[in-house]
Amino acid sequence: MTRETRVMLEYADDPAQKTLEGYRENGGYQALEKALREMSPDQVTAEVETSGLRGRGGAGFPTGRKWRFVPKTDKPKYLAVNADESEPGTCKDRQIMERDPHQLIEGSLLSCYAFGAKTAYIYVRGEYPHSIKALEDAIDEARAANLLGDKILGTDFCCDVWVHPGAGAYICGEETALLTSLEGNRGYPRIRPPFPAVEGLWHCPTIVNNVETIACVTHIIKRGGEWFSKLGCEGSTGTRLFCVSGHVKRPGVYEFECGKFTLRELIEGFCGGTLSGRPLKGVMPGGSSMPVLRADELDVTFDIESVQKAGSSLGSGAIMVFDDSVGAVGAAVNIAEFYSHESCGQCTPCREGSDWVRRMLLQFAAQDARDGDLDLLMDVTDKMDGTTICALAEALVWPVQSFVRKFRSEFEAAVRESAVGTATQ
Amino acid sequence: MSFSPELVGQVENLWTRYPEKKAALIPAMHLIQKERDGWFSNETIVDTAELFGVPDMHVRGIVGFYDMFHATPVGRHVVRLCKTLTCKLCGAGELIKHVSTKYGVKNGETTADGRFTFKLFECLGHCTTAPMMLVDEEKHESLDIEALDGVLEGLK
Ligand SMILES: Cc1cc2nc3c(=O)[nH]c(=O)nc-3n(C[C@H](O)[C@H](O)[C@H](O)COP(=O)(O)O)c2cc1C
Ligand code: SF4
Ligand code: FES
C-alpha cells in the first residue's frame with residue numbers, strides 16, 4: 001500500500017517548527033551537538049556513506065562518495081546548497097525551506113564539518129522570496145544562539161551559512177553554472193573535469209548538494225546511517241519527497257519510502273486517479289527532462305533502479321500526470337519551449353538545436369509538417385545528445401524523443417493532416 | 001546619481017560574505033533594481049558597475065541573462081504568470097488569453113495605466129497548486145479567471 005513516511009516533513013505542518021524554539025523542542029540541533037562533541041569529521045562522512053544516501057537533485061550520486069573527492073589541502077572549502085529548484089514540476093525543496101528551514105541549516109553545518117568547509121552558500125532561485133525570507137530569519141536566529149558563526153556551541157568549529165538569491169535562470173541549477181553564477185557572472189556551465197569537489201568556487205574545493213540531500217544529513221546524524229539505510233529499498237534508501245502535479249485528484253508534495261509500491265498504485269490509488277475521471281494518458285516520473293511513461297507502463301516499482309529499467313528516471317522527484325485530453329505534440333512543444341528558452345547558448349548543438357526542435361514541433365502542432373520531418377526531428381535531437389557541455393541538451397532530447405516514440409501515431413497524424421491542408425489550399 | 005546610503009550599507013554588508021566583491025553582484029542588483037524603480041536604465045547600469053568595479057558590459061550581460069532583471073521600464077507591479085507544463089495542463093492557457101483580452105497586455109508589456117507589467121515565466125515551483133502567479137513577492141495559487149481578476153483588479 002502507498003502511504004507516507006515522514007522524516008523531513010514530520011513537523012512541517014506545525015507553524016512553530018519554523019522558529020528555533022519550536023525546532024529545538026522537536027530535537028533540533030541535537031545532531032549538531034552530537035557531531036561536534038562526539039564525532040570526528042570522518043565519522044560524519046562515514047555515517048552518510050553507511051546511510052546509502054544518494055543525491056536528490058536529479059542525478060542520484062552517492063553523497064558520501066562525493067564528499068570523499070574533496071582533496072586534503074589548506075585551501076578554503078565551500079558548500080553550495082543547490083536551492084535553485086527550477087525543473088518543471090518540482091516544488092519539494094521549497095517545503096523544507098519554508099516549513100522547516102532549520103533542518104537545512106543544521107544539515108549544512110554538519111556537511112561543512114564533515115569535509116572541512118567554513119562557509120556554506122544556499123543558492124535559492126530568485127522567484128522564491130518566501131524561501132529566502134524563511135531561511136534568512138532562521139539563520140539570524142541560529143546565529144544569535146551561537147549555532148553558527150564563530151566557535152559554535154563553544155567548540156573550535158567555525159562556520160557561516162549565507163543565503164544567496166539567484167535571479168531567474170533555470171540553468172543555474174546545473175552545478176557548475178550555479179558556481180559561475182554565485183561568483184557574480186552569467187550562469188554558464190563549465191567543462192568538467194575539474195569537478196567542483198576539486199575545483200569549484202574561486203578555484204577551491206566545493207561540494208554542491210541539493211537542499212533535500214542536505215536535509216537528509218541532519219536526520220542521518222541524528223538517528224544513524226544504519227537507521228536511514230533500512231528505510232526505502234536497496235539503491236533508494238531513506239525517504240524522498242515527491243511532487244505529484246497535473247491531472248490528479250490529490251496533487252501534493254508527499255514523502256515516501258521507495259520500493260514499497262508501484263507508480264500505478266501511487267497515482268491511481270494514493271492520488272485518487274485523474275481529476276476528470278478520464279483515462280490516464282502518461283506520466284513524467286522525474287520532472288520534464290525525463291522520458292514519459294505511457295499509461296500501460298506504470299506497473300513499475302517506484303524506486304530509482306526499477307524506473308530506470310522501465311526507461312525513465314525518478315530525476316528530481318516531480319511526477320507530472322496527464323489524462324487523455326492532452327495531445328502529445330502539444331506537450332512536446334511546451335517542453336521544447338522551456339528548454340530552448342533556458343539554453344545558456346554556449347554550445348552550438350544546444351543553442352541552435354533546441355530552437356530548431358522547438359520550431360519543428362510548432363510546425364507539427366500547426367499541421368504544417370512534411371513527410372520526413374519526423375525523421376529529421378529524431379536526427380537533430382540525436383545529434384544534440386552527448387555533444388554539449390552540460391546535460392541541458394539531453395533534458396530536451398530525452399522527453400521529446402520519448403513523446404515521439406511513445407505517441408508516434410499522433411505525430412504521423414499531424415503530418416497527414418498537414419498534407420490534407422496543403423491539398424485543399 | 002549615487003545610491004542611497006542605506007543601499008550602500010547593505011551592499012557593503014553583502015561584501016563581507018564572500019572572498020570577492022563580485023560575488024555579491026546579483027544579490028545587490030535585486031536591491032538596486034528595487035531602489036531604481038524596478039529596472040536597469042543605462043545610468044543604473046553604469047552606477048552599478050562603478051560600485052562593484054566591474055566593466056559596464058559585465059552588468060549589462062547580467063541584466064540580459066537573468067529573467068528577473070529588467071532592461072526597460074516596468075509598471076508599478078510585476079505580474080509573473082507560469083506558462084510551463086503543469087500550469088498549462090491546469091488552465092494557464094486560458095488565463096494568458098484572458099489577460100491579453102481584458103487588460104490588453106501580452107508577454108513583456110505594461111498596461112496603459114502603468115499598473116502592471118505582465119511576464120510569462122517558466123515553472124515557478126508551485127506545480128501542485130497550479131496555475132500559479134507571483135505578483136511582486138506575493139504568490140497566488142490554484143488560479144481561475146475569477147481569482148486572477150480579483151488580484152489584478154485590486155492592484156493600485
Ligand atoms: C540543466 C540542469 C538543471 C539542474 N537543476 C537542478 C536544480 O534545480 N536543483 C538541483 O538540486 N539540482 C539540479 N541539477 C543537478 C545538479 O547539477 C547537481 O547534480 C545536483 O545539485 C547535485 O546535488 P545532489 O548530489 O545532492 O543531487 C540540474 C542539472 C542540470 C543538468
Ligand atoms: S548544453 Fe546548453 S545549457 Fe548546457 S552549456 Fe551547452 S548551451 Fe549551455
Ligand atoms: S509548472 Fe507552473 S509552477 Fe510549476
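Residues numbered from 1 in each chain as written. Chains lettered and ligands numbered in written order. Predicted model: local features only at pLDDT ≥ 70, side-chain atom pairs only at ≥ 80, totals over all residues. Heavy atoms only, no water.

J.: So, the interface of chain B and chain A: which residues are in play, and what are the values?
T.: In this complex, chain B contributes 37 residues to the contact, which on the side of chain A involves 57 residues. Between chain B and chain A, a total of about 3,700 Å² is buried, with carbon and sulfur atoms accounting for 62% of that surface. When the buried area of chain B at its contact with chain A is split by residue, B:Phe65, B:Leu85 and B:Thr128 rank highest and sum to 18% of it. Seen at the junction of chain B and chain A, the total is 1 salt bridge. (Contact = heavy atoms within 4.5 Å. Buried area = accessible area lost by both parts, 1.4 Å probe. Salt bridge = Lys/Arg side-chain N within 4 Å of Asp/Glu carboxyl O.)

J.: Provide a residue-level description of the packing of aromatic side chains, including the pertinent values.
T.: For the coordinates displayed, the defined rule picks out 28 aromatic pairs over all chains. Judged by centre distance (6.1 Å) and plane angle (40 degrees), the ring pair of A:Phe61 and A:Phe69 falls under tilted. For A:Phe61, a relative accessible area of 32% corresponds to the partly exposed category. Look at A:Phe69 and you get partly exposed, because its relative accessible area is 44%. Taking 6.0 Å as the distance between ring centres and 70 degrees as the angle between the ring planes, the aromatic pair formed by A:Tyr121 and A:Trp202 counts as edge-to-face. Here A:Tyr121 is found in strand β2 (residues 119–124), whereas its partner A:Trp202 is found in the loop between α8 (175–182) and β4 (206–210), with 81 residues between them in sequence. When sorted by exposure, A:Tyr121 lands in the same class as A:Trp202, which is buried. A network of ring pairs unites the aromatic residues A:Phe242, A:Tyr254, A:Phe256, A:Phe261, A:Phe270 and A:Phe302 as a single cluster. The side chain of A:Arg65 reaches across the aromatic face of A:Phe61, ending 5.4 Å from its centre. The cationic tip of B:Lys21 hangs over the ring face of B:Trp15; the distance from NZ or CZ to the ring centre is 4.2 Å. (Phe/Tyr/Trp six-rings, centres within 6.5 Å; stacked < 30°, edge-to-face > 60°. Buried < 20%, exposed > 50% of the residue type's maximum accessible area, 1.4 Å probe, protein only. Helix = DSSP H or I, 4+ residues; strand = E, 2+ residues; numbered from the N terminus. Lys NZ or Arg CZ within 6 Å of the ring centre and 35° of its normal.)

J.: So what's going on with the domain arrangement of chain A? Which residues, and what values?
T.: All names here are of chain A. Taken domain by domain, chain A comprises domain 1 (15–230), domain 2 (233–323) and domain 3 (328–424). Distance between the C-alpha centres of domain 1 and domain 3: 37 Å. On the domain 3 side, the residues contacting the 13 residues of domain 1 number 8 residues. Summing both sides of the interface, domain 1 and domain 3 together bury roughly 850 Å²; the carbon and sulfur share of this comes to 70%. Connecting domain 1 to domain 3 are 0 salt bridges. Taken together, the connections running from domain 1 to domain 3 amount to 3 residue pairs in polar contact (both at pLDDT 80 or more). Class assignment of the residues belonging to the side of domain 1 that touches domain 3 gives a composition of 7 nonpolar, 2 polar and 4 charged. (Domains from an automatic or database assignment. Polar contact = N/O pair within 3.5 Å; in protein donor to acceptor, adjacent residues only side chain to side chain. Nonpolar A, V, L, I, M, F, W, Y, C, P; charged D, E, K, R; others polar.)

J.: Go over the layout of surface pockets, please, and point to the residues and values.
T.: By volume, the second largest pocket amounts to about 1,000 Å³. What lines the second largest pocket is a set of 34 residues, among which B:Pro27, B:His30, B:Leu31, B:Lys34 and B:Glu137 lie closest to the centre. Going through the elements one at a time, α7 (129–144) and β3 (160–165) of chain A together with α1 (5–15), α2 (25–35) and β1 (77–82) of chain B are the ones with two or more residues in the lining of the second largest pocket. Top contributing element to the lining of the second largest pocket by residue count: α7(A), with 8 residues. Grouping the constituent residues of the lining of the second largest pocket by class yields 13 nonpolar, 9 polar and 12 charged. (1 Å grid on protein atoms, 1.4 Å probe; cavity = no way out; pocket = protein on both sides within 12 Å on 5 of 7 lines; lining within 4 Å. Points joined across faces, edges and corners; volume = space filled by probe spheres on them.)

J.: Run through the site of ligand 1, naming residues and quoting values.
T.: All names here are of chain A. Residues in close proximity to ligand 1 total 18 residues, the closest being Gly-57, Asn-82, Asn-209, Asn-210 and Thr-213. One of the backbone nitrogen or oxygen atoms of Gly-173 is found 3.2 Å away from a nitrogen atom of ligand 1. Between ligand 1 and Thr-213 there is a distance of 2.7 Å, counted from an oxygen atom to a side-chain nitrogen or oxygen. Here ligand 1, which alone exposes 610 Å², has 89% of that area covered by the protein. Element by element, the count of residues in the shell around ligand 1 is highest for β4, at 3 residues. Classifying every residue of the shell around ligand 1 gives 4 nonpolar, 8 polar and 6 charged. (Near = heavy atom within 4 Å. Areas by Shrake-Rupley, 256 points an atom, 1.4 Å probe, with all protein chains shown as cover.)

J.: I'd like a rundown of the site of ligand 2, residues and numbers included.
T.: Near ligand 2, the surroundings consist of A:Ile171, A:Pro189, A:Ser343, A:Cys344, A:Gly345, A:Gln346, A:Cys347, A:Cys350, A:Thr388, A:Ile389, A:Cys390 and A:Leu392. Grouping the amino acids of the shell around ligand 2 by side-chain chemistry returns 8 nonpolar, 4 polar and no charged.

J.: Could you give an account of unusual backbone geometry, naming the residues involved and the relevant values?
T.: Residue and element names in this part refer to chain A. In the segment running from Arg-192 into Pro-193, the intervening peptide bond is cis, with an omega of -10 degrees. Following the sequence through the fold, Pro-193 ends up in the loop between α8 and β4. The step from Pro-193 to Pro-194 runs through a cis peptide bond, and the omega angle for that step is 0 degrees. By secondary structure assignment, the location of Pro-194 is in the loop between α8 and β4. Here Trp-202, not a glycine, exhibits a phi torsion of approximately 45 degrees, which is positive. A relative accessible area of 12% places Trp-202 in the buried class.

J.: Requested: an account of a negative patch on the surface, with residues and values cited.
T.: Residues and elements named next belong to chain A. A contiguous patch of negative charge on the surface is contributed by Asp-14, Glu-21, Glu-25, Glu-136, Asp-140 and Glu-141. The set of elements that each furnish at least two residues to the negative patch consists of α1 (20–25) and α7. The biggest single contributor to the negative patch is α7, with 3 residues. (Patch = residues over 30% accessible without salt bridge, like charges linked within 9 Å, V, L, I, M, F, W, Y side chains within 5 Å. Lys, Arg positive; Asp, Glu negative; His and termini not counted. Charge placed at Lys NZ, Arg CZ, Asp CG, Glu CD.)

J.: With reference to specific residues and values, describe the packing of α2(B) against helix α3 (residues 42–52) of chain B.
T.: Residue and element names in this part refer to chain B. Packing of α2 against α3 brings their axes to within 12 Å, and their N-to-C directions diverge by 140 degrees. When the interaxial angle is binned, α2 and α3 end up oblique. Note that α2 runs across α3; the crossing there is right-handed. Taken together, the residues of α3 that come into contact with α2 (itself represented by Leu-25, Ala-28, Met-29 and Ile-32) are Thr-44, Thr-48, Leu-51 and Phe-52. In terms of residue class, the contact of α2 with α3 is built from 6 nonpolar, 2 polar and no charged. (Axes fitted to C-alpha atoms, helices over the stretch in contact; angles between N-to-C directions. Parallel < 35°, antiparallel > 145°, perpendicular 65-115°, else oblique. Left-handed = near helix turned anticlockwise from the far one by under 90°.)

J.: Can you lay out α2(B) for me, pointing to particular residues and giving the numbers?
T.: Regarding α2(B), the residues found buried are B:Leu25, B:Ile26, B:Pro27, B:Ala28, B:Met29, B:Ile32 and B:Gln33. Against the buried residues of α2(B) lie β3 and α8 of chain A together with α1, α3 and α4 (56–65) of chain B. In the segment just after α2(B), B:Asp37 is the residue with positive phi, at about 60 degrees.

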